[in-house]
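# Tertiary structure, described
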Amino acid sequence: MGYLVTQLTTYFRPRSIDPDISFRERTIRIVVILMLLVLVVSLVGALFFYTGAPWKLVSYEALVTVMGLLLAISFFAVERDHVLVAGLFLAAAFIEALCGTLIVAGYWSVLSLPVLLLALLIAALALPRFALWPMGIVSLLLVSLISHNEVSMAPVPDYAMPVDQFLVGCFLLAFTELLIVNAIQGEFESRMASLRELNTTI
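Residues numbered from 1 in each chain as written. Predicted model: local features only at pLDDT ≥ 70, side-chain atom pairs only at ≥ 80, totals over all residues. Heavy atoms only, no water.

Take the pattern of salt bridges next. One pass over the structure, following the stated rule, counts two salt bridges. The closest approach of N and O atoms between Arg29 and Glu79, which form a salt bridge, is 2.6 Å. Of the two residues, Arg29 sits in helix H2 (residues 19-49) while Glu79 sits in helix H3 (residues 60-79), which places them 50 residues apart along the sequence. Linked by salt bridges that have partners in common, Glu25, Arg29 and Glu79 make up one network. (Salt bridge = Lys/Arg side-chain N within 4 Å of Asp/Glu carboxyl O. Helix = DSSP H or I, 4+ residues; strand = E, 2+ residues; numbered from the N terminus.)

Written out as structure tokens, the structure reads:
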């Protein structure tokens, strides 16, 4: 037990001495391990409860498997001190989860909007500030394309809100989140710059 605690403590300790990179590295390490554990439990549960059921290309099992592969790449990248690459693969894993949720469950699923906002939050925590808005724009474009494609390809349930209304809500909430997170990142970077300047002066 003591060995396991020691290994976990060592794993979660950032190796970078730069405060900004160190914060992102720690975030990536924590999120990757937690999500891998959740995905393993989900996949084992799916295999246990749906024994004998054939796997489909478009299914939650496939979604979980692909997300797990992206998280594994992020894990190995951060272990080799490639923090930016690890952050990109971590963000890609959550964008894949977003797209998979929209495709498997439909844009009307209660998970669609929360997964979108979570993906943007993870991108903000794991990636440098310059990558936040591009990731947000890519995510919203994917949501729009998949949602409009679902309307044209398959019947929409009666209880589902119109796709335009859903997308307006997505854009408003995502834009608000991006503004808030961008402001927080800017303040964080400003304080880090002041701290570096103070250390240099001392």
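Next comes the rest of the account.
Moving on, we get to the nonpolar core. For soluble globular proteins, nonpolar side chains are generally found buried alongside one another. Judged by nonpolar contacts, the single largest core of 26 residues is most densely connected at Leu102, Leu116, Val143 and Phe166. For this core, the secondary-structure elements that each account for two or more residues are helix H4 (83-105), helix H5 (112-126), helix H6 (132-153) and helix H7 (163-201). Counting 21 residues, the second largest nonpolar core, distinct from the first, contains Val32, Val83, Ala86 and Ile122. (Core = buried A, V, L, I, M, F, W, Y, C linked by side-chain atoms within 4.5 Å. Buried < 20%, exposed > 50% of the residue type's maximum accessible area, 1.4 Å probe, protein only.)

The next thing to look at is a nonpolar patch on the surface. Taken together, the side chains of Ile30, Leu34 and Leu37 define a hydrophobic patch exposed on the protein surface, amounting to about 280 Å² of accessible area. Within the secondary structure, Ile30 is located in helix H2. Residue class for Ile30 comes out partly exposed when judged on its relative accessible area of 35%. (Patch = residues over 30% accessible without salt bridge, like charges linked within 9 Å, V, L, I, M, F, W, Y side chains within 5 Å. Areas by Shrake-Rupley, 256 points an atom, 1.4 Å probe, with all protein chains shown as cover.)

We now examine the packing of aromatic side chains. For the structure shown, the criterion picks out four aromatic pairs. Put simply, the rings of Tyr107, Trp108 and Phe166 touch in pairs and so form one group of aromatic residues. (Phe/Tyr/Trp six-rings, centres within 6.5 Å; stacked < 30°, edge-to-face > 60°.)

A separate point is the packing of H3 against H4. Two numbers describe how H3 lies on H4: the axes approach to 8 Å, and their chain directions differ by 175°. By the angle between their directions, the pair H3 and H4 is classed as roughly antiparallel. Among the residues making up the contact of H3 with H4, the classes are represented as 19 nonpolar, three polar and one charged. (Axes fitted to C-alpha atoms, helices over the stretch in contact; angles between N-to-C directions. Parallel < 35°, antiparallel > 145°, perpendicular 65-115°, else oblique. Nonpolar A, V, L, I, M, F, W, Y, C, P; charged D, E, K, R; others polar.)

You will see that Asp81, though not glycine, has its phi angle at about 65°, which is positive. By the secondary structure assignment, Asp81 is in the loop between H3 and H4.

Let us look at the packing of H4 against H5. In contact at an axis separation of 9 Å, H4 and H5 are set at 175° when each is read in the N-to-C sense. With respect to H5, the axis of H4 lies roughly antiparallel. Where H4 abuts H5, its residues Gly87, Leu90, Ala91, Phe94, Ile95, Ala97, Leu98, Thr101 and Leu102 lie against Ser112, Val115, Leu116, Leu118, Ala119, Ile122, Ala123 and Ala126. Residue classes in the contact of H4 with H5 are distributed as 14 nonpolar, three polar and no charged. (Contact = heavy atoms within 4.5 Å.)

By the secondary structure assignment, Pro114 is in helix H5. Sequence spacing of Pro114 and Cys170 is 56 residues, and the spatial spacing of their C-alpha atoms is 9.7 Å.

When the pLDDT values of the chain are averaged, the result is 85; 87% of them are 70 or greater. Here helix H1 (residues 2-12) is the element of the chain with the lowest mean pLDDT, 69, and H4 is the one with the highest, 93. (pLDDT = per-residue confidence, 0-100.)

Before going further, it helps to spend a moment on the layout of surface pockets. Space inside the largest pocket adds up to approximately 300 Å³. Considering the residues around the largest pocket, the lining is formed by 15 residues, among which Leu63, Met67, Ala97, Thr101 and Val115 are closest to the centre. Only H2, H3, H4 and H5 provide two or more residues apiece to the lining of the largest pocket. Approximately 240 Å³ is the volume attributed to the second largest pocket. Along its surface, the second largest pocket is lined by 14 residues, and Phe23, Ala124, Leu125, Gln185 and Phe188 are the ones closest to its centre. (1 Å grid on protein atoms, 1.4 Å probe; cavity = no way out; pocket = protein on both sides within 12 Å on 5 of 7 lines; lining within 4 Å. Points joined across faces, edges and corners; volume = space filled by probe spheres on them.)

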